[in-house]
Amino acid sequence: MTNNMKKTLKNSRRSPLAAILVIAAGLIMSGGSYAVATAAVETSTAKTAISAQEQIVEGEKLFLANCATCHGTNGVGTKAGPTLIGVGAASVDFQVSSGRMPGQASGPQLDKKPVQFTDEQIAAMAAYVASLGVGPEIPTADMIAANGDSARGGELFRINCAMCHNAVGAGGALTEGKWAPALAGVPAKHVYEAMVTGPQNMPVFNDANLTPQDKKDIITYLNYVETNPSAGGYELAGLGPVAEGLFLWIFGLGLIILITMWLGAKSN
Amino acid sequence: MSEKAKSAKEHKYEGGLAVVSADKVKDPGLEPHRVRMTDKSDKHERSANRQVAALFLLSAFGSIFSIYAYFAFPITEDLATVRANNLWLGLGITLGLFGIGIGAVHWAKTLMPDAEVSEERHQTRGSEEVRARAIEIIKLADQESGFTRRKLIRRSMYTALALFPLPAIFFFGDLGPNPGDSLRHTMWKKGTRLAKDPDGTPIKASDVTLGSVFHVIPAGLAELHHDKLNEKAKAAVLLVRVNPAELIETEERKGWSYDGIVAYSKICTHVGCPVALYEQQTHHLLCPCHQSTFDLVDGCKVVFGPAARPLPQLPIAVDAEGYLIAQSDFNEPVGPSFWER
């Protein structure tokens, strides 16, 4: 027994797998300790109270480190990124807390990615960009509460939004690789901020076009659609007649064909 | 005639003009009879018996269940109750009807006699005697009614029958009214204010900031009672503000925009869908139906898709109070092509 044990021990020391395991262990240790260290740094900074001016200074530091490459120092813009003067805190809050910014791959449209900053850092950057020029502000909790008129919101949604985002907000395609994202699961704050800032290729819906009450009604409508099952039955992701037709052609017609085949077949 | 002596089977078949070939396909006869399990084994017959009964009882259950569902899932003020009501009533009725049908078919297939039967296809042509008698009767009818003999009656009857359908041609004219020139004009006139859809509040030029898209109807449309949808379907307009430096304008249209604010008809020139998918950065306008793409800064000319003509532009200006107004109607009919366009 011990001879076998000794033999297996000797073999595993010589095995090429051992080298891989040692390297993996080393990487995990160094990566893990770095993650722990940075987490410790983040949590420690979050605990200190920040004044408005400190927030702007902190935001400028973060901006220079993460954003200035494309958006220029002082947010004036470069060939790679537009100017941020006048976009307001709402733009920063929307783009960064939905993960779209910092933009990574260039292409027709930037998509949501895992968020890279904490809420405090986002607030700091938003404060800094807001200090560059007057722009839309982050909406208050009352402005985005879903207690408006969902019927009116539905009418406004169908007039202003449904052509790109689909009648129930299931999203839609635009030209050449762009798209209007689905609105299910999007926080009300982001819906408001997107309307008021007009991110990427979405047009701007300022407060003269859709008043804050109009925007609240739209948020109420989207909330209603998301939380209430469709009265007509299974929605098929709300995609409309093509999805429903496909369902009927495959399952409905398939069932009819199977029944017809059974009807004409002789019994065993 | 010896027709009476001949039986139907021996009646000579005349192919008429068909080509009768010598080696045509032979009648293969009936396929060999395959004995069913329910005929071979008592156990299978009994189980088929039970299956048919089960299907009928399932139908009975379905019918009773749908009566229960009518009371158990009522439709109330809450719209969501429609879903449950439709589903369970529907399933109950389906089961009720389908159970009877499937049960009957299963009964016939498994338990009823399955001997193959051939149907004889006899000539439909009657015997000479029958045909002669038929001709006799027709001649008698003509004689007794006097149809051939009485020319005045016959000709006046033809006149009455020929004229009878004619009024319908004129009644069908009431399917109109004809569109006349209603496709060439919209509600827009000189001085009509641009208003927001749907409430009809007028729009100030200063409200339209860079990158904004307003969905516009003529002032007064929201209060219309008669023909509101028809007028809206022609007068819908998209109002967009772009950077004036990017705007490419022809000489004659230089005064049609205001400081980068342009207004175009929303009705696609292809089949008439509302074109409102505006992409802010590329300033393209996409129609969702067939993907016609229009370039908003270049007179909405077609850059992709099946549309043949650019979107008509509404000339706009600003009145004394700062509200946007139309300078005139569109310079061409809006929407898809039509024959007289």
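Rules used throughout
Residues numbered from 1 in each chain as written. Chains lettered and ligands numbered in written order. Predicted model: local features only at pLDDT ≥ 70, side-chain atom pairs only at ≥ 80, totals over all residues. Helix = DSSP H or I, 4+ residues; strand = E, 2+ residues; numbered from the N terminus. Rg over C-alpha atoms; globule rule 2.2 N^0.38 Å. Buried ≥ 20, exposed ≤ 12 C-beta atoms within 10 Å, placed from the backbone. Contact = placed C-beta atoms within 7 Å. Domains from an automatic or database assignment. Nonpolar A, V, L, I, M, F, W, Y, C, P; charged D, E, K, R; others polar. Core = buried A, V, L, I, M, F, W, Y, C linked by C-beta atoms within 7 Å. Axes fitted to C-alpha atoms, helices over the stretch in contact; angles between N-to-C directions. Left-handed = near helix turned anticlockwise from the far one by under 90°. Pairing = 2+ DSSP bridges. Parallel < 35°, antiparallel > 145°, perpendicular 65-115°, else oblique.

A. Structural detail: the overall build of chain B. Secondary structure summary: chain B contains seven helices and ten strands in total. Taking 341 residues into account, the globule formula puts the C-alpha radius of gyration at 20 Å, and chain B, at 38 Å, lies well above it. Taken along the three principal axes of its C-alpha coordinates, chain B extends 105 × 75 × 50 Å. Looking at chain B as a whole, 22% of its 341 residues qualify as buried. Look at the contacts in chain B between residues 6 or more apart in sequence, and 54% of them connect residues 24 or more apart.

B. How the structure looks around the domain arrangement of chain A. Residues and elements named next belong to chain A. We note that the domain assignment places domain 1 (50–137) and domain 2 (139–230) within chain A. Between the C-alpha centres of domain 1 and domain 2 there is a distance of 23 Å. Here the residues of the side of domain 1 that touches domain 2 are counted per class, giving six nonpolar, six polar and one charged.

C. Spatial organisation of the interface of chain A and chain B. Counting residues at the interface gives 24 residues for chain A, matched by 32 residues for chain B. Among the secondary structure elements, those contributing two or more residues to the side of chain A that touches chain B are α7 (150–160) and α8 (162–165) of chain A. Residue contributions to the side of chain A that touches chain B peak at three residues, all from α7 of chain A. Residue composition of the side of chain A that touches chain B, by class: eleven nonpolar, eleven polar and two charged.

D. Structural detail: the nonpolar core. Counting residues in each nonpolar core, the largest one holds 89 residues, and the members touching the most others are Ala126 of chain A together with Leu194, Val216, Val237 and Leu239 of chain B. Counting residues per element, this core draws most heavily on helix α6 (residues 119–132) of chain A, which supplies nine residues.

E. Region of interest: helix α5 (residues 88–97) of chain A. With ten of ten residues buried, α5 of chain A lies mostly within the body of the structure. Residues of α5 of chain A that are buried include every one of Gly88, Ala89, Ala90, Ser91, Val92, Asp93, Phe94, Gln95, Val96 and Ser97 of chain A, and no others.

F. The arrangement of the packing of α5 of chain A against α6 of chain A in detail. Residue and element names in this part refer to chain A. In the contact formed by α5 and α6, the axes pass within 8 Å of each other and the chain directions differ by 145°. The handedness of the crossing between α5 and α6 is right-handed. In contact with Gly88, Ala89, Val92, Asp93, Val96 and Ser97 of α5, α6 contributes Ile122, Met125, Ala126, Ala127, Val129 and Ala130. Among the residues making up the contact of α5 with α6, the classes are represented as nine nonpolar, two polar and one charged.

G. The sheet that holds strand β7 (residues 293–295) of chain B, seen in detail. Residue and element names in this part refer to chain B. On the basis of which strands lie adjacent, the open sheet formed by four strands has the order β5-β6-β7-β8 and antiparallel pairing. At either end of the open sheet lies a strand with only one pairing partner, and these are β5 (277–279) and β8 (301–304). Mean inter-strand twist for the sheet, computed between neighbouring axes without regard to direction, equals 35°. Direction of pairing for β7 relative to β8: antiparallel, over a ladder of three bridges. Bridging across to β8, Asp295 finds its partner in Lys301.

H. Representation of the packing of α7 of chain A against helix α10 (residues 212–227) of chain A within the structure. Residues and elements named next belong to chain A. As a packed pair, α7 and α10 sit with axes 7 Å apart at the nearest point and diverge in direction by 100°. Regarding the angle of α7 to α10, the classification is roughly perpendicular. Across from Ser150, Arg152, Gly153, Gly154, Leu156 and Phe157 in α7, the residues of α10 making contact are Asp214, Asp217, Ile218, Thr220, Tyr221 and Tyr224. Along the lines of polarity and charge, the residues of the contact of α7 with α10 split into five nonpolar, four polar and three charged.

I. Representation of unusual backbone geometry within the structure. Of note, the amide linkage connecting Met101 of chain A to Pro102 of chain A takes the cis form, showing an omega dihedral of 5°. Along the chain, Pro102 of chain A turns up in the loop between α5 and α6. Residue Pro198 of chain B is reached from Asp197 of chain B by a cis peptide bond, and omega for that bond is 0°. Examined against the element boundaries, Pro198 of chain B turns out to sit in the loop between β1 (194–196) and β2 (213–218). With a phi angle near 65°, Gln291 of chain B is a residue other than glycine that sits in the positive phi range. Tracing the backbone through its elements, the reader meets Gln291 of chain B in the loop between β6 (284–286) and β7.

J. Seen up close, the environment of Asp197 of chain B. Position of Asp197 of chain B relative to the elements: it lies in the loop between β1 and β2. When the 20 C-beta atoms within 10 Å are taken as the criterion, Asp197 of chain B is described as buried. For the pair Asp197 of chain B and Glu120 of chain B, spaced 77 residues apart in sequence, the C-alpha separation works out to 73 Å. If near-sequence neighbours (up to four positions away) are discounted, Asp197 of chain B is found in contact with Ile159 of chain A together with His215, Val216 and Ile217 of chain B.

K. Representation of the pairing of β2 of chain B within the structure. All names here are of chain B. Burial within β2 is extensive, with five of its six residues counted as buried. When β1 meets β2, the two strands line up antiparallel, connected through three bridges. Bridge assignment links Leu194 to a residue of β2, and that residue is Pro218.

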